[in-house]
Amino acid sequence: MTDEDAPPVAENDPAPAPFAAPEPGQVTAYRGVSLIDGTGGPVRHGMAVVTDGPVIKAVVPDADLGPSGPPGAETVDVRGAFLLPGLIDAHQHLSTPPNRAQAEAMMRRQVYGGVTAIREMAGDLRQMADLARASLVGEIPGPAVHCAALMAGPGFFEDPRTHQVTQGAAPGAVPWMQAVGEDTDLPLAVAAARGTGAVAIKIYADLDAALVARITAEAHRQGMLVWAHAAVFPAMPGEVVAAGVDVVSHVHMLVHELSGDRPPSYRRQREHLADAYRRFLDAPADALDPLLDDMRRRGTILDATTSLVARMPSSAPGAAELAPRVLRRLIDRARHAGVTICAGTDYETAPSDPYPALHDELRHLVRSMGMPPHEAIRAATAAGAAAIGLQDTVGTVEAGKQADLMIVEADPYEDIDHLRRIVTTVKRGRRHDRADYDRPAAGDRKGAPDGR
């Protein structure tokens, strides 16, 4: 097409999207806050955070700004409130099955609930690509979305969920959900996954240790992260970690490392789960420490999803009553081994719940798993950022990082449920005041059905 054939350019630029980030030069000073910076360090009282467009410009003692603040800045007086990084849900499925209205409602509730980023752990990436774009440019309110394209053995694609997320195509034969085997052209398969906009490969099921290692190496070569279940079967937890994956999901699966059974397929893992739990509880407390030490050495992040296991009845006979003791011991050992734990949910709360599921996961980590609140908050901020490979960009409150923030009325170090007392969420410098969500006009789209 020649220049003469090009369509005319509109005389006036279109109006900015309603939830777009402010432009550089639009400066806001949040004054008088008690700062929780996301590193796990102590609260710093009497601080100010200055944003410039979508970026944090300065984090300084409030007194340093003087009585009038930075010239030309909007001043937001939040004296007595607590400011921390925006939360990151490290395990979501907003498009399984795809439902645009439901996904938008969940995303809206998430961002007004303090969640500024999520890991979308496989689904229909055709829908998610547009939702991620719409959230990024501010057409809709929602967290930043970082997606994974799934790879699994051919047998996995009998799962009905794979048909839900590939409607109009063949499960296992689409770039966002691929069946792989020994003869798969992995460089081409990974390149196809990258083309969906995914930032990671999710290694799910029915793959042996050698193939997990090959997929991981090729994904890393092409600049993608690798997220995996803690056991893929027939690949066991130690083999998944040794393959060099970046994040493993579902802490309860680690018990299979002590099992004498190697389930031949992912589908059959639950037949062995109760026995694996019993072996773990009967073993010395430090029996899994070699695996956990390997995770720490390699920097493998653990996406624990503890509240998921607790809230859903187990289909594995005899496992449900053992799960609380198993989870508590696993989290204790992982914490003391120095494994980085991020906070993921793998579900959403019911439409009647005014808050997203991440708040339940954080409550469970603190009250049922014994994690101190400062560690739980780090799991949902700095560790979540590391899980998506953006630790240099988000996850802590520092000058130069993206202005993803959350302001609450009371100290969450004293009570983790204080995270629900939200004043505002700041995503890329744009405020989403909780009052705008809570007022009756917004009530018809609060929340979404439970989903996996």
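Since we're looking at a predicted model, the values are computed, not measured. (Residues numbered from 1 in each chain as written. Predicted model: local features only at pLDDT ≥ 70, side-chain atom pairs only at ≥ 80, totals over all residues. Heavy atoms only, no water.)

Enquirer: So what exactly am I meant to see when it comes to the overall build of the protein chain here?
Expert: Within the protein chain one finds 14 helices and 18 strands. Computed over C-alpha atoms, the radius of gyration of the protein chain comes to 22 Å, within 12% of the 22 Å expected from 2.2 N^0.38 for 452 residues, which places it in the range of a compact globule. Residues classed as buried in the protein chain amount to 57% of the 452 residues present. Long-range contacts, defined as pairs at least 24 residues apart, comprise 74% of the intrachain contacts of the protein chain with a sequence gap of at least 6. Accessible area of the protein chain: about 17700 Å², with a carbon and sulfur share of 51%. (Helix = DSSP H or I, 4+ residues; strand = E, 2+ residues; numbered from the N terminus. Rg over C-alpha atoms; globule rule 2.2 N^0.38 Å. Buried < 20%, exposed > 50% of the residue type's maximum accessible area, 1.4 Å probe, protein only. Contact = heavy atoms within 4.5 Å. Areas by Shrake-Rupley, 256 points an atom, 1.4 Å probe, with all protein chains shown as cover.)

Enquirer: Honestly, helix α8 (residues 289-298) in this entry has me stumped. Any pointers?
Expert: One turn of an α-helix holds 3.6 residues; hence residues three or four places apart share an orientation. Among the residues making up α8, those that are buried are D289, L291, L292, D294 and M295. On its buried face, α8 is in contact with α6 (237-242), β13 (247-249), β14 (301-303) and α10 (323-337). The first or second residue beyond α8 is G299, which carries a positive phi of 80°.

Enquirer: Hey, could you run me through the nonpolar core in this one?
Expert: Here is a general trend for soluble globular proteins: nonpolar side chains tend to be buried in one another's company. In terms of nonpolar packing, the biggest core is built from 107 residues, with I203, I215, L254, Y277, L302 and L362 touching the most fellow members. No other element matches the seven residues that α10 contributes to this core. Setting aside anything within four residues of it in sequence, one finds L302 in contact with V248, V251, L254, M295, A334, V339, T340, I341 and C342. Counting residues in each nonpolar core, the second largest holds 15 residues, with V33, M47, L83 and V426 among its members. (Core = buried A, V, L, I, M, F, W, Y, C linked by side-chain atoms within 4.5 Å.)

Enquirer: What is the right way to read the pattern of salt bridges from this model?
Expert: A side chain with one charge can pair with a side chain of the opposite charge if their charged atoms come near. Following the criterion strictly, the structure yields 31 salt bridges and no others. Among the salt bridges present, the one from D303 reaches R119, with a minimum N-O distance of 3.2 Å. Placement of the pair is D303 in strand β14 and R119 in strand β7 (residues 115-120), with a sequence separation of 184 residues. Note on accessibility: D303 and R119 belong to one class, buried. Here R335 and D332 are joined by a salt bridge, their closest N and O atoms 4.0 Å apart. (Salt bridge = Lys/Arg side-chain N within 4 Å of Asp/Glu carboxyl O.)

Enquirer: What is the right way to look at empty space enclosed by the protein in this model?
Expert: What the rule picks out here adds up to one cavity of 30 Å³ or more. Looking at the lining of the largest cavity residue by residue, the class counts come to five nonpolar, three polar and two charged. (1 Å grid on protein atoms, 1.4 Å probe; cavity = no way out; pocket = protein on both sides within 12 Å on 5 of 7 lines; lining within 4 Å. Points joined across faces, edges and corners; volume = space filled by probe spheres on them. Nonpolar A, V, L, I, M, F, W, Y, C, P; charged D, E, K, R; others polar.)

Enquirer: Please clarify how the layout of surface pockets should be interpreted in this entry.
Expert: One simple way to see leftover space: roll a probe sized like a water molecule over the atoms. Approximately 250 Å³ is the volume found for the second largest pocket. Lining the second largest pocket are 23 residues, with A144, H146, L390, Q402 and D404 positioned closest to its centre. Those elements that provide at least two residues to the lining of the second largest pocket are β7, α2 (125-137) and β8 (144-152). The dominant element in the lining of the second largest pocket, judged by the number of residues it contributes, is α2, at four residues. Residues of the lining of the second largest pocket, tallied by class, amount to eleven nonpolar, eight polar and four charged.

Enquirer: Would you take a moment to explain the packing of aromatic side chains for this structure?
Expert: One pair of aromatic rings is described through two measures. These are the centre distance and the angle between the planes. Summed over all chains, the structure comprises three aromatic pairs. Pairing Y112 with Y437 gives two aromatic rings, centres 5.6 Å apart and planes at 25°, and the pair type is stacked. Here Y437 lies in helix α14 (residues 434-438) and Y112 lies in helix α1 (residues 100-112), a separation of 325 residues in the sequence. On the basis of relative accessibility, which here comes to 4%, the residue Y112 falls in the buried class. Given a relative accessible area of 0%, Y437 falls into the buried group. (Phe/Tyr/Trp six-rings, centres within 6.5 Å; stacked < 30°, edge-to-face > 60°.)

Enquirer: What should I look at first to understand the confidence of the model for the protein chain in this one?
Expert: Segments scoring low in pLDDT should not have their predicted coordinates read at a detailed level. The predicted model of the protein chain averages 93 in pLDDT, with 93% of residues at 70 or higher. A low-confidence stretch, residues 442-452 (pLDDT under 50), is modelled with 38 contacts involving residues beyond four sequence positions or located in other chains. (pLDDT = per-residue confidence, 0-100.)

Enquirer: So what exactly am I meant to see when it comes to the packing of α1 against α2 here?
Expert: For any two helices packed against each other, the geometry comes down to the angle between their axes and how far apart the axes lie. Relative orientation of the contacting elements α1 and α2 amounts to 40°, with a least axis distance of 11 Å. As far as their axial angle goes, α2 and α1 are oblique. Once α1 is placed against α2, the crossing between them reads as right-handed. Contacts from R100, A103, E104 and M107 in α1 reach Q127, D130, L131, A134 and S135 in α2. Residues that form the contact of α1 with α2 fall into these classes: four nonpolar, two polar and three charged. (Axes fitted to C-alpha atoms, helices over the stretch in contact; angles between N-to-C directions. Parallel < 35°, antiparallel > 145°, perpendicular 65-115°, else oblique. Left-handed = near helix turned anticlockwise from the far one by under 90°.)

Enquirer: Is there a simple way to think about the state of the cysteines in this case?
Expert: Considering all chains together, one arrives at zero disulfides under this definition. In this model C147 remains outside any disulfide bridge; the closest cysteine sulfur is found in C342, 16 Å from its own. Taking the relative accessible area as the measure of exposure, C147 reaches 8% and is therefore buried. (Disulfide = S-S within 2.5 Å.)

Enquirer: Mind showing me how you'd approach the packing of helix α7 (residues 270-282) against α10 here?
Expert: In contact at an axis separation of 10 Å, α7 and α10 are set at 55° when each is read in the N-to-C sense. Accordingly, the angle class assigned to the pair α7 and α10 is oblique. Where α7 crosses over α10, the handedness of that crossing is left-handed. Contact with α7, carried on its side by Y277, F280 and L281, involves A323, R325, V326, R329 and L330 of α10 and no other residues of that element. Grouping the amino acids of the contact of α7 with α10 by side-chain chemistry returns six nonpolar, no polar and two charged.

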